[in-house]
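# Coordinate inspection notes
Here's the letter readout for the chains.
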Amino acid sequence: MTIIKNYHTHTYRCKHATEDVTQYCQAAIEQGLQVLGISDHTALPDDRWPNIRMPYSELPNYSTAIDSAIDSFNNLKILKGAECEYAPEYHSYFKEELLGDLNFDYLIGAAHYFPQNGNWTGTYGGANTVTGLRAYTDYFIESMQSGLFAFMAHPDLFGNCYHRWDSNTIEASRDIFSAAESLQMPLEINGYGLRKPKITTDDGVRCMYPWLPFWELASEYNILAIANSDAHRPQDVSSNIAEATDIGVKFGLTFADLSYLEN
Ligand SMILES: [Zn+2]
Ligand SMILES: [Zn+2]
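Here we summarise the structure given alongside this text. In this text, all values refer to a predicted model and were calculated from it rather than measured experimentally.

Each value, and the rule that gives it
Residues numbered from 1 in each chain as written. Chains lettered and ligands numbered in written order. Predicted model: local features only at pLDDT ≥ 70, side-chain atom pairs only at ≥ 80, totals over all residues. Axes fitted to C-alpha atoms, helices over the stretch in contact; angles between N-to-C directions. Helix = DSSP H or I, 4+ residues; strand = E, 2+ residues; numbered from the N terminus. Parallel < 35°, antiparallel > 145°, perpendicular 65-115°, else oblique. Contact = placed C-beta atoms within 7 Å. Nonpolar A, V, L, I, M, F, W, Y, C, P; charged D, E, K, R; others polar. Core = buried A, V, L, I, M, F, W, Y, C linked by C-beta atoms within 7 Å. Buried ≥ 20, exposed ≤ 12 C-beta atoms within 10 Å, placed from the backbone. Expected span 1.5 Å × (residues − 1). Arc of directions from axis to C-beta. Pairing = 2+ DSSP bridges. Right-handed = clockwise from strand over helix to strand, strands pointing away.

What follows deals with the packing of helix 5 (residues 130-145) against helix 6 (residues 167-183). With their axes 10 Å apart at the nearest point, helix 5 and helix 6 run at an angle of 5° to one another. Relative to helix 6, the element helix 5 lies roughly parallel. Facing helix 5, whose interface residues are Val130, Leu133, Arg134, Thr137, Phe140, Ile141, Met144 and Gln145, helix 6 presents Asn168, Thr169, Ala172, Asp175, Ile176, Ala179, Ala180 and Leu183. When its residues are assigned to classes, the contact of helix 5 with helix 6 shows ten nonpolar, four polar and two charged.

Core analysis: the biggest nonpolar cluster contains 73 residues, and Tyr24 and Leu107 have the highest contact counts within it. Top element by residues in this core is helix 5. It accounts for six residues. Setting aside chain neighbours within four positions, we find Leu107 in contact with Gly81, Ala82, Cys84, Phe94, Leu98, Leu99, Leu148, Phe149 and Ala150.

What follows concerns the environment of Tyr24. On the secondary structure map, Tyr24 appears in helix 1 (residues 21-30). The sequence separation of Tyr24 and Gln235 amounts to 211 residues, and the corresponding C-alpha distance is 7.8 Å. Apart from residues no more than four positions distant in its own chain, Tyr24 is found in contact with Thr9, Glu19, Leu36, Ile38, Ala231, Pro234 and Val237.

Here the focus is the environment of Lys196. By the secondary structure assignment, Lys196 is in the loop between helix 7 (191-195) and strand 9 (199-201). Under the C-beta neighbour-count criterion, Lys196 is labelled partly exposed, with 13 such atoms within 10 Å. The sequence separation of Lys196 and Glu19 amounts to 177 residues, and the corresponding C-alpha distance is 19 Å.

Relative to the 24 Å expected for 17 residues at 1.5 Å per residue, helix 6 spans 24 Å between its end C-alpha atoms, a close match to the ideal helical length. What helix 6 keeps buried is the set Thr169, Ala172, Ser173, Ile176, Phe177, Ala179 and Ala180. Summarising the axial view, the buried residues of helix 6 lie within an arc of 165°, below the 170-degree limit, and thus occupy one face. Positive backbone phi, at 50°, marks Gln184, one or two positions downstream of helix 6.

Every second residue of strand 4 (residues 106-109) is oriented toward a common face, with Tyr106 and Ile108 on one face and Leu107 and Gly109 on the other, all of them buried. Sheet analysis places strand 3 (residues 77-84) next to strand 4, joined by four bridges and oriented parallel. Residue Gly81 lies in a different strand from strand 4, and its bridge partner there is Tyr106. In this fold, strand 3 hands off to helix 3 (residues 91-101), which returns the chain to strand 4; that crossover is right-handed. Sheet analysis places strand 4 next to strand 7 (residues 151-152), joined by two bridges and oriented parallel. From the neighbouring strand, Gly109 faces strand 7, where its bridge partner is Met152.

Below, the structure is given as structure tokens:
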């Protein structure tokens, strides 16, 4: 029996996904998953970026929804997580409140935004310049170094708007791999990117992410990969995990073992 695990799952609370924890758990059982990590876009104490996440006031309800599912689904290992943008001012919140008081099993680091010249820039559309790509990369590495995260989501997200694979993407990617290697921080090959509409660039039609030259370059480093569906609908709870895994296998990457989170 193949063991299927998915550590990246959203709920309706982020405002761009459907259904709640229970429906994802039911779908996970139907699709043969052994481990399901729920990891909605985290609430933030200052309610920053409210358009893609639950308000802070909804955090107890999110946490309780997962706790109840853990109690009621006995044939599925359910983990409580969140997908988080790092900022120093959130460090103690992530550590003491989520991983502490609320007993979250893990946090995922992700850079949907990155700081640039004192302002936050959206990675969708905003990492399309050399300086934007550099700022994204520096922030991504700082997030990894925070020590808060079990793995980093879609490191190649900059491929959504930086269209050419060139010396700048190579330098950025090498910096990410070097840091991930020394921290032994797993990097995610994201299945949601495989389901999203493709983009047309001067070099052809491709997924925004995963970006294949990124993962090919990864093979030069001793890094760990992880494949997830990044489900935003219950029916996608295991979608594209096999295809994302194939990318890692194709380039000879080693996969991370996150079973320690289950203890
Ligand atoms: Zn999302
Ligand atoms: Zn996600």
